[in-house]
Amino acid sequence: PSLPADAQVLDIAFTAQMETLLDNVEDGSADWVKVLTQFYKGGFEDALAQAKIHMRDVKREETPTEHACVECGKVMNIKWGRNGSFLACAGYPECRNTRDYERDLQGAVVLLPEETTDKRCPTCTGPMLVKRGRFGQFLACEAYPECKGTRPMSIGVDCPNACGGYLAERRSKRGRTFYGCSSYPNCTFAAWDRPVAGPCPDCASPYLVRKYSKRDGVAIKCPSKTCDYSRDPELDDEDAKAVAESKA
Ligand SMILES: [Zn+2]
Ligand SMILES: [Zn+2]
Ligand SMILES: [Zn+2]
Ligand SMILES: [Zn+2]
């Protein structure tokens, strides 16, 4: 793996400072033992400790386990995604098999049972399982790898356009999170703020959004520009539950 950015910066800074110090030692203006001690104590020690932590993070991205992929037989690696670690097949991207795991008291990796859903595969109409990827959870066909059908994971809100679809967390091409309809491209509903089931008590809006502002913090608000409806999310049991679930 390549060095993390911090370590590269550190390396350049180290080289530059060291050159200056060694020049001073060479022309007799500095005692080299003192120079090196000062250099080490003057922040380099801390920087080195920081760099070690970052390098460990990089290594940690793919730690092999003793579990073999049930789809292709390659080793399952521990990977880190947005919601913590999970197992992913070393054959990625040819094999996209993933699995949730936990550690037992001895620290051994134990596979968790796969979570089934009542959602149907868009390709073969078979049952779908909850899978984890680098960008969070999604649904994959139980018949994988024979069927490669996938669906985004619902945020628990039906599409406000009443198209029969549901809303899911998506990523824009530039990596920004937004909320879109599962029926895309047939339905193009999209919102930057996380939608909450409506309707708005004050107007005709079929949904509300969780919005952050410096003045109010997080509030449940109406997306309509002509409506001022707002409420404290703490009062909203259903929504609090949905957020807790999305964090779990
Ligand atoms: Zn595999
Ligand atoms: Zn399928
Ligand atoms: Zn829709
Ligand atoms: Zn409203």
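Quick note: structure is the one above.
Residues numbered from 1 in each chain as written. Chains lettered and ligands numbered in written order. Predicted model: local features only at pLDDT ≥ 70, side-chain atom pairs only at ≥ 80, totals over all residues. Heavy atoms only, no water.

1. Thoughts on the pairing of strand 17 (residues 217-221)
Successive side chains on a regular strand alternate, one facing one side of the sheet and the next facing the other.
Phase 1 of the analysis: Along strand 17, 4 of the 5 residues are buried, which leaves the element largely enclosed by surrounding structure.
Phase 2 of the analysis: Pairing between strand 16 (residues 207-213) and strand 17: 5 bridges, direction antiparallel. The residue of strand 17 that forms the bridge with Tyr212 is Val218. (Buried < 20%, exposed > 50% of the residue type's maximum accessible area, 1.4 Å probe, protein only. Helix = DSSP H or I, 4+ residues; strand = E, 2+ residues; numbered from the N terminus. Pairing = 2+ DSSP bridges.)

2. Things to note about the layout of surface pockets
Phase 1 of the analysis: Of the voids in this model, the second largest pocket is the one considered here, and its volume is about 180 Å³.
Phase 2 of the analysis: Taken together, Asp193, Val209, Lys211, Lys221, Cys222, Pro223, Ser224, Lys225, Cys227, Asp228 and Tyr229 make up the full set of residues lining the second largest pocket. (1 Å grid on protein atoms, 1.4 Å probe; cavity = no way out; pocket = protein on both sides within 12 Å on 5 of 7 lines; lining within 4 Å. Points joined across faces, edges and corners; volume = space filled by probe spheres on them.)

3. Re the sheet that holds strand 11 (residues 154-158)
Phase 1 of the analysis: One open sheet holds the 4 strands; their spatial order is 11-12-13-14, and the pairing between them is antiparallel. Each edge of the sheet is formed by a strand with only one pairing partner; in this case those strands are strand 11 and strand 14 (190-191).

4. Some thoughts on the coordination of the zinc ion (ligand 1)
Where a metal carries four tetrahedral donors, each ideal angle is 109.5 degrees; where it carries six octahedral donors, the ideal angles are 90 or 180 degrees.
Phase 1 of the analysis: Surrounding the zinc ion (ligand 1) are the protein donor atoms Cys69 (SG), Cys72 (SG), Cys89 (SG) and Cys95 (SG), which sit 2.2 to 2.3 Å from the metal.
Phase 2 of the analysis: Read in sequence order, the donor residues for the zinc ion (ligand 1) give the motif C-x2-C-x16-C-x5-C.
Phase 3 of the analysis: The class of Cys89 is buried, set by a relative accessible area of 2%. (Donors = N, O, S within 2.8 Å, 3.2 Å for Na, K, Ca; no water.)

5. Thoughts on the coordination of the zinc ion (ligand 2)
Phase 1 of the analysis: At the metal site, the zinc ion (ligand 2) is ligated by Cys121 (SG), Cys124 (SG), Cys141 (SG) and Cys147 (SG), and these contacts range over 2.2 to 2.3 Å.
Phase 2 of the analysis: Considered as a linear motif, the donors of the zinc ion (ligand 2) on their single chain read C-x2-C-x16-C-x5-C.
Phase 3 of the analysis: Looking at Cys141, the relative accessible area reads 3%, which means it is buried.
Phase 4 of the analysis: Cys147 sits in the buried class, given a relative accessible area of 9%.

6. Some remarks on the packing of aromatic side chains
Phase 1 of the analysis: A full pass over the atoms with the stated rule returns 2 aromatic pairs.
Phase 2 of the analysis: Between the aromatic rings of Phe178 and Trp192, the centroid separation amounts to 6.1 Å while the plane-to-plane angle is 75 degrees, which identifies the pairing as edge-to-face. On the criterion of sequence distance, the pair formed by Phe178 in strand 13 (residues 177-181) and Trp192 in the loop between strand 14 and strand 15 (194-197) is long-range, its members being 14 residues apart.
Phase 3 of the analysis: Just above the ring of Trp192 sits the side chain of Arg176; from NZ or CZ to the centre is 3.7 Å. (Phe/Tyr/Trp six-rings, centres within 6.5 Å; stacked < 30°, edge-to-face > 60°. Lys NZ or Arg CZ within 6 Å of the ring centre and 35° of its normal.)

7. Here we look at the pattern of salt bridges
Phase 1 of the analysis: Counting across every chain of the model gives 5 salt bridges.
Phase 2 of the analysis: For the salt bridge of Asp100 with Arg132, the shortest nitrogen-to-oxygen distance reads 2.9 Å. A residue pair is termed long-range when its members are at least 10 positions apart, and Asp100 in the loop between strand 4 (98-99) and strand 5 (101-103) and Arg132 in strand 8 (residues 127-133) qualify at 32 residues.
Phase 3 of the analysis: Its relative accessible area of 25% is what places Asp100 among the partly exposed residues.
Phase 4 of the analysis: Its relative accessible area of 15% is what places Arg132 among the buried residues.
Phase 5 of the analysis: Ionic pairing is found between Glu169 and Arg194, a salt bridge with its closest N-O pair at 3.9 Å. Here Arg194 lies in strand 15 and Glu169 lies in strand 12 (residues 166-171), a separation of 25 residues in the sequence.
Phase 6 of the analysis: For Arg194, a relative accessible area of 13% corresponds to the buried category. (Salt bridge = Lys/Arg side-chain N within 4 Å of Asp/Glu carboxyl O.)

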